[in-house]
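# Understanding the architecture of this molecule
Read off the chains here:
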Amino acid sequence: MSQSLDHVTGLVCVVCGTSYPAADAGYVCPDHGTEGILDVQYDYDLVASRISPQSLAASHDTTMWRYRPLLPVAQDAAVPPLTVGWTPTYETPRLARDLGVGRVWVKDEGRQPTASLKDRASAMALVKAAEVGAEVVTTASTGNAAAALSGLSASVGQKNVIFVPESAPEAKVTQLLAYGSTVALVKGNYDAAFDLCMEAAEEFGWYNRNTGFNPYMTEGKKTAGLEILEQLGWEAPDAIFVSVGDGSIIGGVHKAMKDAVALEWIEHSPRIFGIQAAGSDYLVQAFEAGEDVLTKAPISADTVADSISADLPRDRIKAMAAVTETDGTYLRVSDDEILAALPIMARGSGVFAEPAGAAAYAGLVAAADSGRVGSGDRVVVLSTGNGLKDIPSAIKAVTAVGTEPMHILPTLNSLIDALK
Ligand SMILES: *Cc1c(COP(=O)(O)O)cnc(C)c1O
Ligand SMILES: [Zn+2]
């Protein structure tokens, strides 16, 4: 490794706390296997000498790489050319009023190059893969991490092999084919695709981007959390709502808050609310029953929100800590509530989300109903993916609220009749 990672002090196992030097850390702790996910540690004094709210205010880099001194990459590393990050965070006063919540913002990750937050992690994966001279990169995915790795790879000509469940939405699979990935549609669910991808990566020596395995993915995803803080003028919100499948995004948002507290950019972390679909509620179950996620058995997941469908959340240790360490909570929302939230959020903010993105808003509705957030709170909803990713679900959602187009002749009279 020629380029300097002097600000990274080590990678720490989330199970045993052993620290490994960045230069020779593997993906996971050798003593704890796939449970032994590593967490990247920084020399915050060194980081603080390179980046601050003031330096950021003067930065012209409107991508996730504006936070480069706080990311596990060399300061001069080449990054993929696609514009990842710095997505807008919109204030939505009509939604706030309807919810009885002080202020509400929606961060629109649907505007990323491949239309989901996953681009942040995949951009990071490509930089790390280049660092080790990887010939092939691979991931398993419910669809969005795949599309992200595929698109980012296309932008730099990186060979890649993608594993998705056969049931992945058509739009997501089509993205992979357009970008020219080698695509394996696995007869089985995400968890089956994941296990096969892990085996293949090991067998063929491919660079492994898998969520909840590759420790650098959280670091890419945390840039969404850093942006929330910066876009709110470093006045931390009271709560952030995040939908949760594997738990890597919520872990990343938490990491952003921990970084910002360590650097004294904010005083304390917002409460982080993890939202799961009722049919994929492993972490809600564990949270409610106080179960240890290291030993809790997988569930059998099934939800309309395909991006958050996971039998066993791969990043569950970080995901649980994100909620328990910030005084947040885990909430479950039904598929009907998710589909109901989709047009409500679209109409109240202009942000059209796929079901997994709308799930975070459904969680806010549930939290407002139960008084967990209220008129004194400033709240951010992370809308993680674009509504165009899953048109069949969007059609279900608008049909459920009885929205139909007018069918008319091309005459003014026909229009006048229809408008009556
Ligand atoms: C991946 C994804 C999520 C969930 O992220 P995890 O890290 O798996 O918890 C939520 N929404 C969308 C749109 C996603 O693509
Ligand atoms: Zn360990």
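What you are looking at is a predicted structure, and each value in this text was computed from that prediction instead of being measured.

### A look at the overall build of the chain
The number of helices and strands found in the chain is 15 helices and 13 strands. Over its C-alpha atoms the chain spans a radius of gyration of 21 Å, differing by no more than 12% from the 22 Å that the globule rule assigns to 420 residues. C-alpha atoms of the chain, sized along the principal axes, occupy 75 × 45 × 45 Å. Expressed as a percentage of its 420 residues, the buried residues of the chain come to 60%. Put simply, of all contacts in the chain between residues at least 6 apart along the chain, 70% involve residues at least 24 apart. Of the charged side chains in the chain, 31 are positive and 51 negative; the average position of the first set lies 5 Å away from that of the second.

### Considering the sheet that holds strand β10 (residues 239–243)
Read across the open sheet, the 6 strands follow the order β4-β5-β13-β10-β11-β12; overall the sheet is mixed. Every interior strand has two partners, whereas the edge strands, β4 (89–91) and β12 (329–333), have only one. Neighbour-to-neighbour, the strand axes of the sheet open up by a mean angle of 25°, direction not taken into account. For β4 and strand β5 (residues 103–108), the ladder comprises 3 bridges, and the chain directions are antiparallel. Of the residues in β5, the one forming a bridge with Y90 is V106.

### Remarks on the site of ligand 1
In the neighbourhood of ligand 1, 16 residues make up the surrounding shell, with K118, N144, G245, G247 and T384 lying closest. At a separation of 2.7 Å, an oxygen atom of ligand 1 approaches a polar side-chain atom of K118. Here an oxygen atom of ligand 1 and a backbone polar atom of I249 are 2.8 Å apart. Comparing atom positions with the cavity grids shows ligand 1 to sit within the largest cavity.

### A look at the sheet that holds strand β8 (residues 182–186)
Strand order across the open sheet formed by 4 strands is β8-β7-β6-β9, with parallel pairing between neighbours. Every interior strand has two partners, whereas the edge strands, β8 and β9 (207–208), have only one. Where strand β7 (residues 159–165) and β8 come together, 5 bridges link them in parallel fashion. Bridge pairing links P165 to V186 in β8.

### Points about the coordination of the zinc ion (ligand 2)
Coordination of the zinc ion (ligand 2) by the protein involves C13 (SG), C16 (SG), C29 (SG) and H32 (ND1), with metal-donor separations of 2.1 to 2.4 Å. One way to put it: the 4 donor atoms around the zinc ion (ligand 2) meet at angles of 102 to 119°, and that makes the site tetrahedral. As a motif over one chain, the donors of the zinc ion (ligand 2) read C-x2-C-x12-C-x2-H. Here the residue C13 occupies a position in strand β1 (residues 8–13), and H32 occupies one in the loop between β2 (19–20) and β3 (38–42), the gap between them amounting to 19 residues. Here C13 falls in the buried class, since its relative accessible area comes to 2%. Residue classification places H32 among the partly exposed positions, given a relative accessible area of 28%.

### A closer look at unusual backbone geometry
Of note, W86 is a non-glycine position whose phi angle comes to about 55°, a positive value. Within the fold, W86 resides in the loop between α2 (53–57) and β4. Although it is not a glycine, D327 sits at a positive phi angle of roughly 65°. Looking at where D327 falls in the secondary structure, it is placed in the loop between α11 (316–324) and β12.

### Quick look at the layout of surface pockets
If you add up the space inside the largest pocket, you get close to 310 Å³. Around the largest pocket, the lining comprises 18 residues; the ones closest to its centre are P165, S167, T303, D306 and S309. A per-class count over the lining of the largest pocket returns 7 nonpolar, 6 polar and 5 charged. If you add up the space inside the second largest pocket, you get close to 220 Å³. Lining the second largest pocket are 15 residues, with A22, A25, G26, V132 and Y216 sitting closest to its centre. Residue composition of the lining of the second largest pocket, by class: 10 nonpolar, 2 polar and 3 charged.

How each quantity is defined
Residues numbered from 1 in each chain as written. Chains lettered and ligands numbered in written order. Predicted model: local features only at pLDDT ≥ 70, side-chain atom pairs only at ≥ 80, totals over all residues. Heavy atoms only, no water. Helix = DSSP H or I, 4+ residues; strand = E, 2+ residues; numbered from the N terminus. Rg over C-alpha atoms; globule rule 2.2 N^0.38 Å. Buried < 20%, exposed > 50% of the residue type's maximum accessible area, 1.4 Å probe, protein only. Contact = heavy atoms within 4.5 Å. Lys, Arg positive; Asp, Glu negative; His and termini not counted. Charge placed at Lys NZ, Arg CZ, Asp CG, Glu CD. Pairing = 2+ DSSP bridges. Axes fitted to C-alpha atoms, helices over the stretch in contact; angles between N-to-C directions. Near = heavy atom within 4 Å. Polar contact = N/O pair within 3.5 Å; in protein donor to acceptor, adjacent residues only side chain to side chain. 1 Å grid on protein atoms, 1.4 Å probe; cavity = no way out; pocket = protein on both sides within 12 Å on 5 of 7 lines; lining within 4 Å. Sits in = over half its atoms within 2 Å of the grid points. Donors = N, O, S within 2.8 Å, 3.2 Å for Na, K, Ca; no water. Tetrahedral: all angles 85-135°; square planar, octahedral: opposite > 155°, others 65-115°. Points joined across faces, edges and corners; volume = space filled by probe spheres on them. Nonpolar A, V, L, I, M, F, W, Y, C, P; charged D, E, K, R; others polar.

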